[in-house]
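The primary structure of each chain is shown beneath.
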Amino acid sequence: MPANRFNGNSDYGVGIGLRVPHYEHIFAKKPVVNWFEIISENFMVDGGRPLAILDQILERYRVVQHGVSMYFGSAEPLNREHLKRLKALVKRTHTPWLTDHLCWGSVDGRYTHDLVPMPYTFEAAKRAAQKIRQARDFLEVPIAVENVSSYAEFHVSEMTEWEFLNEVVEDADCGILLDVNNIYVSSRNHNFDPFEYLRAVPAGRVAQIHIAGHTQYRKYVLDTHDHPVIDPVWALYARAIEMAGPTATLLEWDDRIPSFDEVHREALKAKRYVPSELREAS
Amino acid sequence: MNLVELQRAVFEVTRQPLTPSERMRPRLPDGRSVREIARALIKPNDRLSSFERLQIYNQQYWFRIMGSLSEDFPGLRSLLGERKFEKLAVAYLNECPSESFTLRNLGARLEAWLRVHDQYIAGVKRAALDMVRLEWANIEAFDALDLPVISAAGAGKIAGGTVFRLQPHLHLLECAYPVDELLRRSRRLEAQNETASNAVLNFPQKARIRRSALPRPGKVYLAVHRLQGAVYFKRLTRDAFALLTALGEGKSLEKAIEASLLRSRRRVDQIGAQLQEWFQDWVSLGWFAPPGR
């Protein structure tokens, strides 16, 4: 199950996000890390330090690309310039699969730079699936879409978020980047059972899993990626691994970033949830 | 309401600037009630009204783009002070929302916008425009394409008719104020400025910087360039600047020298040694690429 056609039949284990504050440590200490996830947009440039750093990383480590602005859910067409730059980066990194979010964030050529939740309608699902297929055909790499954290729900929705996710990935025939922290955050904000969500996820399509920390406010939970993973999220992770098998897992830590060792240690806790008989293989 | 109509309606509200207390405004500029729009679009829950739920996206939008612009223009912030910079940034971003998939391009239209809306830089107009040009050149130089360079050996073959291409990371700026010094003092680590997928907690309070006094006017000629991944500001003489500018315009070496001498009213024999020194320096910095086909 861990290696499937949605993650390029790879078996990557536990990785962490590549972040600027850790560069010095990584180059000096050369720590053993299964893989790094990069934010594609930070490297979709013509030259200079970002690409030089990336090339150095690629000499020693495996890299998977994660995007934040493809906006499969936006009604407007895919941005051709974006796709061209993304393809150049795919050729550079040889990422076995590529991920971005199942959300929208641009309209009429203007960008929010945010991950705005979808109206869960059949029209939106069809449009998103069409764009995912177009992107995959152009980029020639498997694509997995990530469920986002959300703070609002639309009246026009015709189904639950997990039904919408299923609708899209079945139609697009793509993978899922299952973010269990996002499921937890949304479940708290919208009063649903996160395990019900998990049960509905087609396990065979899970290409990768995200774990992260968040911030609890008085009336809502915000997906801030600035804390360790809390136990209820680990519980969801454990259930996801039971369902999908030991899957490539990535810890996101994007604000108030602690030392490399602390981030890596937190990520490696994920290994505890892989059944012992499968741990060797993963 | 179809998909695009819903997305337009949400974006129209979330891109409205926040109130001074960082809340969502109750009305759109045309007078429509945001509370009613939110109620029509968003389900409330047991803790938050439709308005409050939409407000989270309104705040996220502004926290993110204001944070990004602030990171990109520390020199302008330092020159204007935080309060004036914030006012300018809100007005600019309100009129010029991002049209790029990357936040890197957020400030691309700032100089042109400020030339039309100079009330936001009243009293420091020339210095502020110089600073914006310098800070945008810094962004461009940081990740511009690397073309092959003309080596020292290749430089030996340079003749009067040679046409160079300047490296895309090299930007030449004529400034009325020594804004390079001011920027060096107010610069923050570029390491802070990365795109990620997390939500943003607030305006970048931790990044606040002290206002700098307006420097004395004094013309400086700058080459903003990249060397081994880092961006530098190199001061040039007026003649060197003129020569490089002419070369950048595609003039042959001979014509570029003529053009720059015309400006300085000096003869070739007066600056021969100087020219050789300049070219050795510029070649060693990798500023020249072979002419394109």
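Coordinates for the structure precede this section.
Described below are features of the structure shown in this document.

What follows is about the overall build of chain B. Along chain B, the regular secondary structure elements total twelve helices and five strands. Computed over C-alpha atoms, the radius of gyration of chain B comes to 24 Å, more than 25% over the 19 Å expected from 2.2 N^0.38 for 293 residues, which places it beyond the range of a compact globule. Within chain B, buried positions represent 38% of all 293 residues. Nonlocal contacts in chain B, meaning residues at least 24 apart in sequence, comprise 71% of its contacts between residues at least 6 apart.

Moving on, we get to helix α6 (residues 180-190) of chain A. All names here are of chain A. For α6, a buried count of nine out of eleven residues is recorded, marking the element as mostly surrounded by other parts of the structure. Along α6, the residues classified as buried are Val180, Asn181, Asn182, Ile183, Tyr184, Val185, Ser186, Ser187 and Asn189. On its buried side, α6 packs onto α5 (161-172), β8 (175-179), α7 (194-200), β9 (206-212), β11 (221-222) and α8 (231-244). Of the residues trailing α6, Asn191 is marked for its positive phi of about 55°.

This brings us to the packing of helix α2 (residues 34-41) of chain B against helix α3 (residues 50-72) of chain B. Residues and elements named next belong to chain B. In the contact formed by α2 and α3, the axes pass within 8 Å of each other and the chain directions differ by 95°. In terms of axis orientation, α2 runs roughly perpendicular to α3. Taking contact as the criterion, the partners of Val34, Arg35, Ala38 and Arg39 in α2 are, on α3, Ser50, Phe51 and Leu54. Classifying every residue of the contact of α2 with α3 gives four nonpolar, one polar and two charged.

For the rest of this paragraph, the subject is the sheet that holds strand β3 (residues 220-227) of chain B. Residue and element names in this part refer to chain B. Strand order across the open sheet formed by three strands is β2-β3-β4, with antiparallel pairing between neighbours. Single-partner strands in this sheet number two, and they are β2 (171-175) and β4 (230-236). Mean inter-strand twist for the sheet, computed between neighbouring axes without regard to direction, equals 25°. Pairing of β3 with β4 involves seven bridges; the strand directions are antiparallel. Bridge pairing links Ala223 to Lys234 in β4.

What counts, and at which threshold
Residues numbered from 1 in each chain as written. Chains lettered and ligands numbered in written order. Predicted model: local features only at pLDDT ≥ 70, side-chain atom pairs only at ≥ 80, totals over all residues. Helix = DSSP H or I, 4+ residues; strand = E, 2+ residues; numbered from the N terminus. Rg over C-alpha atoms; globule rule 2.2 N^0.38 Å. Buried ≥ 20, exposed ≤ 12 C-beta atoms within 10 Å, placed from the backbone. Contact = placed C-beta atoms within 7 Å. Axes fitted to C-alpha atoms, helices over the stretch in contact; angles between N-to-C directions. Parallel < 35°, antiparallel > 145°, perpendicular 65-115°, else oblique. Nonpolar A, V, L, I, M, F, W, Y, C, P; charged D, E, K, R; others polar. Pairing = 2+ DSSP bridges.

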